[in-house]
Structures are given as C-alpha cells and as structure tokens.
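Tertiary structure, described
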Amino acid sequence: MATQTLKRDVVIIGSGPAGLTAAIYSARASLKPLLIDAPPDAEKQTTPGGQLMITTEVENYPGFAKGIQGPELMEEFRKQAERFGTEFLETWIREVDLSERPFTLYGDDLVIKTETLIVASGASAQWLGIPGEAKVPHGFGGNGVSACATCDGPLPAFRNKPLIVVGGGDTAMEEATFLTRYASRVYVVHRRDKLRASKIMQDKAFRNEKIEFIWNTAVEEILGTPEEGVTAVRLRNLHTTAEHTFPISGVFVAIGHKPNTQLFRDQLDMDEKGYLITSGKSTATNIPGVFASGDVQDSVYRQAVTAAGTGCMAAIDAERFLDHLPVAMPSGEEVTIEGEHITPDHEAIITPDGHMIPNKPELVAQED
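All of the points below concern the structure found in this document. (Residues numbered from 1 in each chain as written. Predicted model: local features only at pLDDT ≥ 70, side-chain atom pairs only at ≥ 80, totals over all residues. Heavy atoms only, no water.)

1. Some remarks on the packing of aromatic side chains
This model, assessed by the stated rule, comprises eight aromatic pairs. Note on Y61 and F77: the rings are 5.8 Å apart at their centroids and 70° apart in plane angle, and the pair reads as edge-to-face. Here the residue Y61 occupies a position in the loop between β3 (57–58) and β4 (68–69), and F77 occupies one in helix α2 (residues 70–83), the gap between them amounting to 16 residues. According to the relative accessible area criterion, Y61 is buried, its value standing at 16%. Residues F178 and Y182 carry aromatic rings whose centres are separated by 5.5 Å and whose planes lie at 55° to one another, so their mutual orientation is tilted. Residue F178 shares its accessibility class with Y182, and that shared class is buried. Feature note: the residues Y61, F64 and F77 constitute an aromatic cluster, connected by ring pairs. (Phe/Tyr/Trp six-rings, centres within 6.5 Å; stacked < 30°, edge-to-face > 60°. Helix = DSSP H or I, 4+ residues; strand = E, 2+ residues; numbered from the N terminus. Buried < 20%, exposed > 50% of the residue type's maximum accessible area, 1.4 Å probe, protein only.)

2. Overview of the sheet that holds strand β16 (residues 243–247)
Strand order across the open sheet formed by three strands is β14-β15-β16, with antiparallel pairing between neighbours. Each edge of the open sheet carries a strand with a single partner, namely β14 (217–225) and β16. Between one strand and the next, the sheet's axes are offset by a mean angle of 25°, whatever the strand orientation. Sheet analysis places β14 next to strand β15 (residues 229–237), joined by eight bridges and oriented antiparallel. Counterpart to T217 in the pairing with β15 is N237. (Pairing = 2+ DSSP bridges. Axes fitted to C-alpha atoms, helices over the stretch in contact; angles between N-to-C directions.)

3. Details of the pairing of β15
Remark: three residues form the turn of the hairpin made by β14 and β15, two consecutive strands paired antiparallel. Two strands pair when backbone bridges link them, and β15 and β16 are joined in this way by five bridges, in the antiparallel orientation. In the strand pairing of β16, R234 is matched with T245. Hairpin connection, β15 to β16: the antiparallel pair is bridged by five residues, and T241 has positive phi, about 65°.

4. Observations regarding the state of the cysteines
Throughout the structure, instances matching the rule amount to one disulfide. One disulfide bridge connects C148 with C151, the sulfur atoms lying 2.1 Å from each other. Residues C148 and C151 share a disulfide whose torsion about the S-S bond is about 70°; that sign makes it right-handed. Residue C148 is classed as buried on the basis of its relative accessible area of 17%. (Disulfide = S-S within 2.5 Å.)

5. Focus: the side chain of S26
Summarising the element assignment, S26 is placed in helix α1 (residues 17–28). A polar side-chain atom of S26 sits 2.7 Å from the main-chain carbonyl oxygen of A22. From its side chain, S26 meets the backbone oxygen of A23 in a polar contact 3.4 Å long. (Polar contact = N/O pair within 3.5 Å; in protein donor to acceptor, adjacent residues only side chain to side chain.)

6. Remarks on the side chain of N216
Among the structural elements, N216 can be located in the loop between β13 (211–214) and β14. Owing to a relative accessible area of 14%, N216 belongs among the buried residues under this scheme. For N216, the contacting residues outside a window of four places in its chain are H190, R191, R192, D193, R236, N237, L238 and H239. (Contact = heavy atoms within 4.5 Å.)

7. Quick look at the nonpolar core
Counting residues in each nonpolar core, the largest one holds 30 residues, and the members touching the most others are I12, Y61, L73, F77, I118 and F291. If you list the elements that add at least two residues to this core, you get β1 (4–13), α1, α2 and α6 (304–322). At seven residues, α6 tops the list of elements feeding residues into this core. Setting aside chain neighbours within four positions, we find I118 in contact with V10, V11, I12, I13, A22, F291, S293, A314, A315 and A318. (Core = buried A, V, L, I, M, F, W, Y, C linked by side-chain atoms within 4.5 Å.)

8. Describing the sheet that holds strand β10 (residues 145–146)
Reading across from one edge, β10-β17-β11-β12-β13 is the order of the five strands in this open sheet, with parallel pairing throughout. The outermost strands of the open sheet, each flanked by one partner alone, are β10 and β13. Inspection of the sheet shows β10 paired to strand β17 (residues 251–253) by two bridges, in the parallel sense. Bridge assignment links S146 to a residue of β17, and that residue is F252. Along the sheet, helix α4 (residues 170–179) makes contact with β11 (162–166), β12 (185–189), β13 and β17, crossing β11 at roughly 170°.

9. Re the packing of α1 against α6
Any two packed helices are characterised by the angle at which their axes cross and by the distance between the axes. With their axes 7 Å apart at the nearest point, α1 and α6 run at an angle of 35° to one another. Of the two possible hands of crossing, α1 and α6 adopt the one that is right-handed. Within the contact between the two elements, α1 uses P17, A18, T21, A22, Y25 and S26 and α6 uses A304, A307, A308, G311, C312 and A315. A per-class count over the contact of α1 with α6 returns nine nonpolar, three polar and no charged. (Left-handed = near helix turned anticlockwise from the far one by under 90°. Nonpolar A, V, L, I, M, F, W, Y, C, P; charged D, E, K, R; others polar.)

Quick look at the structure:
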C-alpha cells in the first residue's frame, strides 16, 4: 500500500478535554486542525476521549448543575470541535521527528507534516493488573473502581460507604484523606509495613480517625456484580500468604500516573517522571512550534477543567506562532516562527543567523 502524506498547519495528538479544547479554539481561528485519536485498545488502556470516557457522573465540570456522564461530556466536546471544522483521524503514531519544521509524524502507511504540534496525549493511571479491575463490562472500572478520588469520591455510589485506597505514596495519602469527607471509613492497603509518602502526608493520614491501614497486604481480586458494582476484595497477606475476602464498596487505585510521552523521549524536555516541561508563561516546550497541554504536562491537578484550560492556551500559542508573533519558551526567551529569539530581559532580538538587534525602538533609531 502506498504511503499517504498529509500537510497541516496544526496537528493535535490526543482527544481528551485538552486536545478537544485545543481543536475547538484552533478550528474557530480557521486553522483547520487535524486531531489524532489513538484507537481503542484494552491492553494499552487507550480510549478516544480520554479518561473521562471511563468516568460515570461528572459533578465538578462548570456549566452542568445536575452533573453529566463522562462519555456524554466528551461527546459534547467532540461535536463542538466538529462544528468548527476539526478533522479527526484515528491511528497510531509510531514515530515523530521534531528536528526541523515542518515536523513529521509517522503512522501506519501515513506521514503527516505539520507546522505546529499540540501534544495532549494525557497520562494513564497505573493499575494493579488484577481480576475485576478492567473497565466495564470486563471488570468494575467505572462501576466502583477508580483512579481519581477528586473526580469520583463525591459520587452517591461512594457516600457513607467503606472504601479502599491502594498505595503508600503521597498520592495514596492525599486520596485517602480526601475520601474521608464522604466515606464511612477508608482502608489504606499497602504492600509494605511503612509508607513511602512524605512525613507531612503520613502524619495527616495517621491523625485521621476515619483512615485505617492494612499493612503487608496485596489486593488480589476485586469482586462484585454488574448491578451492585464492587462488593468486596480478596486480600493476601504477603508475610503469611493467608487470603480472605474483605467487604468493601469501592476501590481507589493510587499507585501513580504515567504520562503518555514515550513517543517524544530524547526530543522534548521532560521531568524525572516523564511529564513534559513547558514555559510556565505559555504551553511551549523546548522546541519552537511544539506545545503541550493537559495531563501530559500536569502532574499536580489532573482535572478535566484544568486540562481544557491548557488546551485553550496551546491553541492560542499555536495561533500566535503561526501569525509570526513571539511565544514564551521554557528558557525564558521568546521565539518566533522565523527563528528570532527575544532575550529574557526583552533587551535584544537574536536573528536566525546569530545577529543581535536592540529591542528598543529608540536604540534602533539611533543605529539607523
């Protein structure tokens, strides 16, 4: 089969709140964006629409006083992006070359050339890999199993119920403490006899009367029914190997998140966990013309509304870049599409061939 080549001004990788918001804004700016979805894959845990596609009721997204189902919310995002002319393509991107612009993306029998790239590929929760954990209908994911207490903890299904949090780091302590606002009791199940969390987070959890710790224990299986959701877990003591069934109404897996950035290693700057580093003043990465939004660059908030906000920012940054306006970089410099660099103090402009020009009109006039 012949390889097809596409050329675009804006390509967006990712179809969660960040990617679809970037599509809405860039499409309204008549940039005709191409948004690339990863195909559904249970093993790789990819779902077009992002993590909200496995979330039941979303109560904290502004504008929906009575709440909205996660998949329904993402369908509204998608319809809005389509309305303004976003083009959608479902394919795996196997390789990217960001060494020069236009950037090159390689898919299956497909090459995509783009002047700007918005990375919104998100982050995936790390899972235990045990029976009952998979997404509905293969397990209880979205029906009693969650990886986001802030998203799902306040839902009626978890209120005044006993819940389990799996993990021993800061994320687990934060999730457990948050869940005590709603749960009747929170059990933290950890494989060791001491926590990995920071001392301040440990102290906070130990002081909370609604949190109880189950040490040296692993969750082996999540049990329940389609009608009731989660009803129990099978626990195994790692010292004695004894197993028992523990009645519970919900399981929150809090062993960390992994940003979906493997595709960009050795090209885009990342922190030690793999999250993309952006400028702080913009969504620009270390490569001019490449922008990052959503959970792929956010290890702290990880909310749909914050992802959407950075998606908006990335689209505006891409539009500015294509309009030959300077965009702030992580280095503190500002860079234009022509390759001009404005120094962090805004005192000078460095041209692509290395010449330095004063960035003050009066100095330029004096030189003339």
